[in-house]
Amino acid sequence: MANSLFSKEMQDQLKELKSELSKGRATSPSDPENEKPTDPVTLPTKKQVEKTVKQLDSAHVDDDKVLFMQAMAGVQPIKDNNTLSDVAKPKSTKPDAATLSKRAAAQGADSEKLEAGLSDMQALLNPVSSDSYLIYKTPTLQNKVFTQLKQGKLRWYDAVDVHGCTIDEAREAMTTLITQARSNNESVVKIVHGKGTDAVLKTCVNGWLRQLPEVLGFCSAPPKDGGNGAVLVLLKKNKSQD
């Protein structure tokens, strides 16, 4: 760097700026917000600036930037109160395991029997990705009906959100939903499994549904119903209520 950081004209401007800042702002008794600062305003010395410039790599710091550094010395950033603090951030809610257990208990032995026949290992041996489209159809299901299911034209009556549950909680909630739907003679339900990084719950739901004889078919939901983060399930009608 040259011996002098500034040209003579810039040095004169800097002296004038230093003089103005040292005087403080004009105040009046009727304007308390503009009262004269109690602490004198001082600028860094030339040696201090040279040291700072050296630390910042002088090849990328010109005279204008150095002048700005001096003028802004001691300025504190204003705290932005419009930012959302960690305390104020809304917390995501997960399904209540106790509530799901109560629903299962209310269904009695039918729900427990349905759950007991499921194999977690069989489901996990056929993993799916978080963005994969799930689709399954039994040979007896008419293509026309299955197409309506895929297009979201069949109304679903009840749903359960297992996103955030453990595998045991998700299995229990799913079988409870299906048992309840069949007892009410409802043919279509929705299961929200989410699209987690490892897609464990999505994989489990996909595998469990394929093991249930009560399921005629299922597919990932249309975008309006959750897309690849949910599945629509078509159930057999309960013969006892035909």
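These numbers come from a predicted model, not from an experiment.

Engineer: Looking at this model, I keep getting lost on the sheet that holds strand S4 (residues 215-220). Mind explaining?
Structural biologist: Backbone hydrogen bonds hold the strands of a sheet together, and the pairing may be parallel or antiparallel. The mixed open sheet is built from five strands, whose spatial order is S1-S4-S5-S3-S2. Both edges of this open sheet fall to strand S1 (135-137) and strand S2 (158-161), since each of them pairs with a single strand only. Each adjacent strand pair in this sheet contributes to an overall mean axis angle of 20°, direction not counted. Note that S1 and S4 share three bridges and pair antiparallel. Directly across from Lys-137, in S4, lies its bridge partner Gly-217.

Engineer: Sorry if this is basic, but what is going on with the pairing of strand S5 (residues 230-235) here?
Structural biologist: Regular strands have side chains that alternate between both faces of the sheet. By the criterion of burial, S5 is predominantly enclosed, with six of the six residues buried. With burial as the criterion, each face of S5 is covered, one bearing Ala-230, Leu-232 and Leu-234 and the other bearing Val-231, Val-233 and Leu-235. Bridging between strand S3 (residues 188-192) and S5 involves five bridges; their strand directions are antiparallel. Looking across to S5, one finds that Val-192 is bridged to Ala-230. Bridge analysis of S4 against S5 gives five bridges, and the strand direction is antiparallel. Across the sheet, Phe-218 pairs through a bridge with Val-233, a residue of S5.

Rules of the game
Residues numbered from 1 in each chain as written. Predicted model: local features only at pLDDT ≥ 70, side-chain atom pairs only at ≥ 80, totals over all residues. Heavy atoms only, no water. Pairing = 2+ DSSP bridges. Helix = DSSP H or I, 4+ residues; strand = E, 2+ residues; numbered from the N terminus. Axes fitted to C-alpha atoms, helices over the stretch in contact; angles between N-to-C directions. Buried < 20%, exposed > 50% of the residue type's maximum accessible area, 1.4 Å probe, protein only.

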